[in-house]
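# Remarks on the overall topology
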Amino acid sequence: MNNRALNLNRLISQRGYSGLSLFTLLVALPVLFLTFAFASAASAQDEDAAAQDEGAAAQENDAVPSADSDSGAGNQDETEVPGPGSVRQLFVREGSGVPNEVREIYDRGAMYLAESQNEEGGFTNGQNGIVGLALMAFLSTGEDPNFGRYAINIRRACRYLILRQAESTGYIGDSMYDHGFAMLALSEAYGAVDDELVWAGYDGGRKRTIGEALELCVRLAQTAQTKNSDGGWRYSPNDATADTSVSGAVLMGLLAARNAGIAVPDSVIDRALEYFKSMTSEGGTVAYAGLGGLGDSMARSSIACLVYCIGKRKDWEEFESVRGYLVDNIERQESGWEYYFRYYMAQALFQADYEAWEQWNSTVIDLIRDRQNEDGSVSGGSHGPVYSTSMSLLALALNYKFLPIYER
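Residues numbered from 1 in each chain as written. Predicted model: local features only at pLDDT ≥ 70, side-chain atom pairs only at ≥ 80, totals over all residues. Heavy atoms only, no water.

## With respect to the overall build of the chain
For the chain, the count of helices and strands is 16 helices and zero strands. For the chain, with 408 residues in total, the buried portion stands at 56%. Long-range contacts, defined here as pairs at least 24 residues apart, represent 72% of the contacts in the chain between residues at least 6 apart. On the chain, roughly 16,800 Å² of surface is accessible, and the fraction owed to carbon and sulfur atoms is 50%. (Helix = DSSP H or I, 4+ residues; strand = E, 2+ residues; numbered from the N terminus. Buried < 20%, exposed > 50% of the residue type's maximum accessible area, 1.4 Å probe, protein only. Contact = heavy atoms within 4.5 Å. Areas by Shrake-Rupley, 256 points an atom, 1.4 Å probe, with all protein chains shown as cover.)

In structure tokens:
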């Protein structure tokens, strides 16, 4: 079976919700339209059926971006790749209900990232974790990842991360932060991005597949956890203690990998969740590290809330504590690490309390729109504009509801 067929099967069998979205678009909607046509006017069945077919065809054309698009950065200097195949038909841009201002912010920001990316797939600061964040921002647009506007940028980013993975250990350094965000991004690309296209035109020949790279990522995280007395992770794979910030990045990467069909031992997930449980107070604040330090941090509470949701622990008292804490303080905007905070807060509220997310989302749209520059970048942040732009776009990406990790 060729690689495209394998990717097609992965996406349908391992990500049932993606298959469901496809079924809804290609089968369910035409059936609903047909039912409506029969109910509304029996005497006009033929006319309504013809209109039905025309509408379905138009919908299909709109859903699949043109393979001729050349608006993405870097499309001019890559080797030509085969035309759209079976995998391409799976990728449909979620879009109904997305506010126009979100589309405008996202399109400008994604174009800035595309133009900032170098031919190797990295960016000026060179951090692997930031490349992972940018990769997720490209994938979140809902554009066809193999033939859409940002297909070249997606391939480059995947290639970049895989080439910087240590073959012997699976580590995508320079820290476990980088490793966690890279693992999360590759998990979202797995089954969606065609491995053949990732390595098309690369002079060094084909390397690991995305799936193989993910398996190595999981193995490294699992090995690092066995060395950690707290059950989480810190900056180095060899650290004996943990903190909730780094642990959140790694745990989300592991949860996404498991969600994508990569084998992740339940014991690894369970131990990490127990660590977060031990760090959560009755009032919903979450400690950073050690036995104390239950300081007031919306970011840490957002991380805990998110991992409880994705880790299926909404029945825990600790989940309700952090959810209540976030909702009660929904008007707050953290001044320190603000982009990091909004990235996690958006996901936490979306998963834990949808009505609260809708309220918070409107505020964040206005805030990011006001911060966005003419070139599409978002100002601020100590890690540079690629970081702040990627984090800002991902805080808005819930509006598209495209990435599997964003499924509720």
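Anyway, onward from the coordinates.
## Considerations on the confidence of the model for the chain
Within the chain, residue pLDDT values average 81, and 75% of them lie at 70 or more. Below pLDDT 50 for its whole length, residues 1-95 participates in 135 contacts with residues either more than four positions away or in separate chains. (pLDDT = per-residue confidence, 0-100.)

## Focus: the packing of aromatic side chains
Here the structure, examined in full by the defined rule, presents 13 aromatic pairs. Between Tyr106 and Tyr400, the ring centres sit 5.2 Å apart and the planes meet at 75°, which makes this aromatic pair edge-to-face. One end of the pair, Tyr106, is in helix H4 (residues 100-116); the other, Tyr400, is in the segment after helix H16 (385-396), with 294 residues separating them in the sequence. A single burial state applies to Tyr106 and to Tyr400, both of which are buried. Three or more aromatic residues joined by ring pairs make a cluster, and in this case those are Phe181, Tyr340, Tyr343 and Tyr344. Across the ring face of Tyr160, the terminal group of Arg164 is positioned such that the distance to the ring centre comes to 3.6 Å. Over the aromatic face of Trp316 sits the side chain of Lys277, whose NZ or CZ is 4.6 Å from the ring centroid. (Phe/Tyr/Trp six-rings, centres within 6.5 Å; stacked < 30°, edge-to-face > 60°. Lys NZ or Arg CZ within 6 Å of the ring centre and 35° of its normal.)

## Some words on the side chain of Ser321
The topology assignment puts Ser321 in helix H13 (residues 317-328). Exposure remark for Ser321: the relative accessible area of 16% places this residue in the buried category.

## Considering the packing of H4 against H16
Running from N to C, H4 and H16 cross one another at 145°; their axes reach a closest spacing of 10 Å. Two packed elements cross with a definite hand, and for H4 against H16 that hand is left-handed. On H16, the residues touching Val102, Ile105, Tyr106, Gly109, Ala110, Tyr112, Leu113 and Ser116 of H4 are Pro385, Val386, Thr389, Ser390, Leu393, Leu394 and Leu396. (Axes fitted to C-alpha atoms, helices over the stretch in contact; angles between N-to-C directions. Left-handed = near helix turned anticlockwise from the far one by under 90°.)

## Topic: the environment of Tyr308
Looking at the secondary structure, you find Tyr308 in helix H12 (residues 298-310). Distance from Tyr308 to Phe319, taken between C-alpha atoms, is 6.1 Å for residues 11 residues apart in sequence. Not counting chain neighbours up to four residues away, the residues in contact with Tyr308 comprise Leu273, Phe276, Lys277, Thr280, Arg313, Lys314, Trp316, Glu318, Phe319 and Val322. A polar atom in the side chain of Tyr308 sits 2.8 Å from the side chain of Thr280. (Polar contact = N/O pair within 3.5 Å; in protein donor to acceptor, adjacent residues only side chain to side chain.)

## Comments concerning the pattern of salt bridges
For the structure on display, the rule yields 15 salt bridges. We note a salt bridge from Arg371 to Glu338, for which the minimum N-O separation is 3.1 Å. With a gap of 33 residues between them, Arg371 in helix H15 (residues 354-371) and Glu338 in helix H14 (residues 338-352) connect regions that are remote in the sequence. When its relative accessible area of 18% is taken as the criterion, Glu338 is described as buried. Each of Glu101, Asp366, Arg369 and Asp370 takes part in a single network of salt bridges with overlapping partners. (Salt bridge = Lys/Arg side-chain N within 4 Å of Asp/Glu carboxyl O.)

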